[in-house]
Every structure is written in structure tokens, then in C-alpha cells.
Amino acid sequence: MIAALFAAAVLAVSSPVPAAAPDGDVSFTSHGVTLRGSVVAPEGGGPAPGIVMVHGSGEHDRDDYRAEAEAFAKAGIATLIYDKRTEGYSLFERDYSVLADDALAAVQTLRSRPGVDPARVGVWGLSEGGWVAPLAASRSTDVAFAVTVGANGVSPDRQQSWAFETYLRHGGVTGSMVDMVASTNMRTLAGAGAFPEAGYDPVPVLEKVRQPVLGLWGELDRLTPPGEAVRIFRETLERAGNRQYTLKVFPRAQHGLRQTTDGFDKLDGFAPGYLDLVANWVNGPKDGPSADPPPEQASQSAALEPLSWYEAPWIQIGVWALALLAFAAYPVTALFRRRKDAPLARPARWLASTGLLGTAGFLVYYVVLTTGAAMAPGPVLFGRTLPWLALQLVAVGVVVAGVVTAVSWWRRRNETSGGTRVGLLLAGAVLFVPWAVHWGLLVP
């Protein structure tokens, strides 16, 4: 296999390099949605093989993969790039089955193009596309091959948990915040159905892929556990009897096979040899099996445990809301009281203030973290980001203020009025404590 690739590389260098033809705009329909794209094809020559490029996660248009498409066209491969669907796809909604059908519709479009060999059209998928492209290949023999870049061998929730932990620890974060973001948060989102395709298992799909597979990973991938992916791909394809595979790991390369210093940055230029390897493999024989050793990982991913009854999202939201209302009731009702309860006013005000700040502040920071900030945590002190450290100090303040308020109220229970207001406030503190422990605010 290595000798064949070397010979193809020498031939490619010694032969004239074709230029890419002008883009040919195309459109196709999938699940009632019209998707638009471009075919970047080589100029002249006989029928060319083709690649449909399948997107990574998030919003993408055809230009996001134009650099690779133009490189493949210059190597004699017609490449279809298209604008990713927005209907039915968002942070909280996506369906890999639909995305696979989109890719298959693109395959049929490319197969029908003049100058394209319909028997040699395959799919290429990056990241999320590494789940989608094999699914498309498993559904249709019209797909001639599958190329994956930064693909996962584990489920999306497990992958995202590993990525969160990897980025937080790289940023110097330790302790409860890591557990909250990577574990409690991910398990809650999955349990609430707010993480689409969370438990998607790629292994049964890989077992159904009969086409040749080219799997590519960066040695320093920090979004996908690359060592596990290489091992799972090799074991699954072998078990299924598909021995036409090549699994390659590129040194000093990150998730998208760009050059990197540590896996967390992205330098200009692709990993040396990546584009040539894809072009030579698509144009040449699909020998195999061939697999690089799995790269080392600083940590292994772990399957997420199902939620216990008390961790159910509706219970957690309910406890949070009741605590927030209990803390808010004290200052709100004070607006309608003519007589002040002086002996308890100060500790009760502290409890209400810290309780409101802790509950509302956590919600705000939680949204910020789960929408991307966990991948760039910012300044860290004592193993905590500054907002998380502030929230933990506030949570301790709630406990202290709650104890002082309870003691003061008990000592003066026969001297003061407003017992209902104080009792409601203390109930908020009682609810707050286990909730804050669960979410890591009262955990080192």
C-alpha cells in the first residue's frame, strides 16, 4: 500500500497538474429543502472520480471547503461543495439521517454531471461529517468510497464531554467546574433532549459500510479522542470483514488536519501530505488494510451515566426556580411592609442578596459556558475561572448568611414579627444547598 501511494505521488509530481475548471452551480432537493452548491472540477480529460464534501457541525456554506475542493480538482477529482441546510438544523435540532440523505442527494447530482465517472463518486466527511458520511455510504451502493477527517468512534455526548474536559484542563481549570461542564452539564442536556443525536452510536453503521474507507486524524486532535477513534475504526471494519481501509494519523496536526503547535491552535496550511494522500487514494487502487498506531491521548473518554431520579432536568429546574422565588420574595414583600424587623434585617438581606446572585448568576454563566466559553475559559485563579470562583464564594456566602439568619431567628422567635417571610427565605437556602452541591458550586 505504501509503495503504491509513493509511486502515485511520484507520478503526480512528474505529470502536468491540471487546473480547476470554473465552478458549475448546482441545486438538489432533500426532505423538501432545496440545497445549492458548486462543482469544482478539473479541466479536460476523461471521466473523473468525484467527492461530495460533508460538513462538520454548525453552520457552513460551500466556501468553507473550497480550499480542499480546489486542491482535489487540480488532482483530477470533481468535487461538489454545498451550503448546509438550515431548516431542521440548529444547536438544539439536527438529524444525522436527514444529513445523510442530503449527502446522498448530492452524490446523485455529482454522478449525473458530464465528465464525472458515476462509478467512482464517494463522500468526504469532517468531524460531524465523520458520523454522517459513513451513514450515507451504508445506505447506498452508489457511494463508491468514504473518506473521514477527525471522525469519532464514540457517541456525540461522549465526544463533547471529552472535548470540554480537554479544553478546560488545558486552560488550567481543575476541580468542580470541570465535572460540572463535562459531566453534570452534558448528562443533563442529553437527559433533557437538548443535545440532539447525543447517543448516536457510529459502530453499527461502520459495520454496514462495505465500501473502501480512508480514515484520517490529526495526532493532536483535541476535539475528537483520536486514539480511540483509530482503534474503533480498525476493530469495527475488521470485525465486519471490510479490509479495504487505510487509517492514517498526521503528526503535528489538529482536528481539521491543519498544522498546529499543540492541537489547540490552528496554523496556516494543511498537514503535509494530507491533500496528496486523499487525491492519490481516490485516483488509485483501494488497497488495504493499513492502519497507523493510535496516537496517545492525555485522557480517555468515558460513557456518560444516565441521570438519577433527583437529577432529572425538571426537578433541577424546579428546585432552582423555587429557591430563586424564595430569595426574591424577601425584598419584594419588604416594599409593602411599613414596620421593619430590625433584629433580623441585616442577615436576612445578606441571605436574600447572595441567594439571588448565586441562582441568577449561575444561570447566566451556565448559558455562556455551554454555548462555547468552556472551550476558551479565560483567566484562571486557584484552578477556577474568575466567574466560577465568584459564584463559589457567593454560594458560601449563602450558607453563612443562612446559618446566621436561622440562628438569629431562633433566638428572637418570640420577639420578632415576619416569621413567615424569614421562614420562606430560609426554605430557599435549604433548597439552594443540595442544588449548589449537585452543580459544583459548593464542591472544591
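Every chain is numbered on its own, with residues counted from 1 as its sequence reads. In keeping with the predicted nature of the model, local features appear solely for residues at pLDDT of at least 70, side-chain atom pairs appear and are counted solely at 80 or more, and the whole-chain, interface and lining totals rest on all residues. Side-chain descriptors were evaluated using all non-hydrogen atoms of the structure, hydrogens and water having been removed beforehand.

The protein chain goes by Alpha/beta hydrolase in an unreviewed UniProt entry, where it is assigned to Amycolatopsis azurea DSM 43854.

Visitor: Please give an account of the side chain of His55 that cites residues and values.
Guide: Position of His55 relative to the elements: it lies in the loop between β3 (48–54) and α2 (66–74). Whether a residue is buried, partly exposed or exposed follows from its accessible area with a 1.4 Å probe, protein chains only, as a fraction of its type maximum: under 20%, in between, or over 50%, in that order. Take His55: its relative accessible area is 4%, and that puts it in the buried class. Pairs of N or O atoms within 3.5 Å make up the polar contacts considered here, provided that, within protein, one atom can donate a hydrogen while the other can accept it, and that residues adjacent in sequence are counted only when both atoms are side-chain atoms. A polar contact of 2.6 Å, which involves the side chain of His55, links it to the backbone oxygen of Tyr82. Contacts are assigned to residue pairs that have any heavy atoms within 4.5 Å of one another. Not counting residues up to four positions away in its chain, the partners in contact with His55 are His60, Tyr65, Tyr82, Asp83, Lys84, Leu126, Glu128 and Gly129. What counts as a helix is a DSSP run of H or I of at least four residues, what counts as a strand is a run of E of at least two, and both are numbered from the N terminus.

Visitor: Report on helix α6 (residues 176–191), specifying residues and quantitative values.
Guide: Given 3.6 residues per helical turn, the α-helix brings residues three or four places apart onto the same face. The seven residues ending at a residue and the seven starting there each receive a fitted axis; the angle between those axes is the bend at that residue. Of all the bends found along α6, the most pronounced is centred on Asn185 and spans about 30 degrees. Along α6, 12 of the 16 residues are buried, which leaves the element largely enclosed by surrounding structure. Residues of α6 that are buried: Ser176, Met177, Val178, Met180, Val181, Ala182, Thr184, Asn185, Met186, Arg187, Thr188 and Leu189. Directly beyond the C-terminal end of α6, a positive phi value near 75 degrees is found at Gly193.

Visitor: So what's going on with the domain arrangement of the protein chain? Residues and values would help.
Guide: What marks off one domain from the next here is an automatic or database domain assignment. Per the domain assignment, the segments of the protein chain are domain 1 (25–155 + 200–291) and domain 2 (309–439). On a C-alpha basis, the centroid separation for the pair domain 1 and domain 2 is 49 Å.

Visitor: Requested: an account of the pattern of salt bridges, with residues and values cited.
Guide: Definition used for salt bridges: Asp or Glu carboxyl oxygen within 4 Å of a side-chain nitrogen of Lys or Arg. One pass over the structure, following the stated rule, counts 16 salt bridges. Residue Arg111 pairs with Asp142 through a salt bridge whose shortest N-O separation is 3.7 Å. Of the two residues, Arg111 sits in helix α3 (residues 96–111) while Asp142 sits in the loop between α4 (129–139) and β6 (146–149), which places them 31 residues apart along the sequence. Of the residues examined, Asp142 reaches a relative accessible area of 28% and is grouped as partly exposed. The shortest N-O distance in the salt bridge between Arg243 and Glu238 comes to 2.5 Å. Classification of Arg243 as partly exposed rests on a relative accessible area of 43%. Accessibility expressed as a relative area gives 30% for Glu238, which makes it partly exposed. Three or more residues are tied together by salt bridges with common partners; here these are Asp25, Arg62 and Asp83.

Visitor: I'd like a description of the pairing of strand β4 (residues 78–82), backed by residues and values.
Guide: For β4, the buried fraction is high: 5 of the 5 residues fall into the buried class. Side chains of β4 alternate between two faces, with Ala78, Leu80 and Tyr82 and Thr79 and Ile81 buried alike. As defined by bridge partners, strand β2 (residues 33–40) adjoins β4 across 4 bridges and the pair is classed as antiparallel. Looking at the pairing, Ser38 lines up with Ile81 of β4. Note on pairing: DSSP must find at least two bridges between two strands before they are called paired. As defined by bridge partners, β3 adjoins β4 across 3 bridges and the pair is classed as parallel. What sits directly across from Gly50, in β4, is Ala78. Regarding the hand of the β-α-β motif, the stretch spanning β3, α2 and β4 is right-handed. If you view a crossover with the strands going away from you and the path from the first strand over the helix to the second runs clockwise, you call it right-handed.

Visitor: So, the sheet that holds strand β5 (residues 116–126): which residues are in play, and what are the values?
Guide: The 9 strands lie next to each other as β1-β2-β4-β3-β5-β6-β7-β8-β9, forming an open sheet whose pairing is mixed. Each of the sheet's edge strands pairs with one partner strand only, and the pair in question is β1 (24–30) and β9 (290–291). Axis definition: a line fitted to C-alpha atoms, limited for helices to the stretch in contact. Angles are taken between N-to-C directions and run from 0 to 180 degrees. Along the sheet face, α3 touches β1, β2, β3, β4 and β5 and points at about 135 degrees away from the line of β1.

Visitor: Summarise the UniProt feature "domain: Peptidase S9 prolyl oligopeptidase catalytic" (unreviewed entry) in the protein chain; cite the residues concerned and give the values.
Guide: Per the UniProt record, "domain: Peptidase S9 prolyl oligopeptidase catalytic" (unreviewed entry) is found at residues 99–263. Along residues 99–263, the helical share is 46% and the strand share 16%, with 28 Å between the first and last C-alpha atoms. UniProt positions are given in the numbering used here, feature names are shortened, and annotations may be inferred rather than shown by experiment.

Visitor: Could you give an account of a nonpolar patch on the surface, naming the residues involved and the relevant values?
Guide: In this analysis, a patch consists of residues with relative accessible area above 30% that form no salt bridge, clustered at 9 Å for like charges and at 5 Å for the nonpolar side chains Val, Leu, Ile, Met, Phe, Trp and Tyr. Note on areas: these come from Shrake-Rupley sampling with a 1.4 Å probe, and a residue is covered only by the protein chains present in the view. A cluster of nonpolar residues, Val399, Val403, Val407, Val433, Val437 and Val443, forms a patch on the protein surface that exposes about 390 Å² of accessible area. Sorting the residues of the nonpolar patch by element identifies α12 (386–411) and α13 (419–438) as the ones contributing at least two each. Of the residues forming the nonpolar patch, the biggest block, 3 residues, is contributed by α12. Inspection of the secondary structure puts Val399 in helix α12. On the accessibility criterion, Val399 (32% relative accessible area) is partly exposed.

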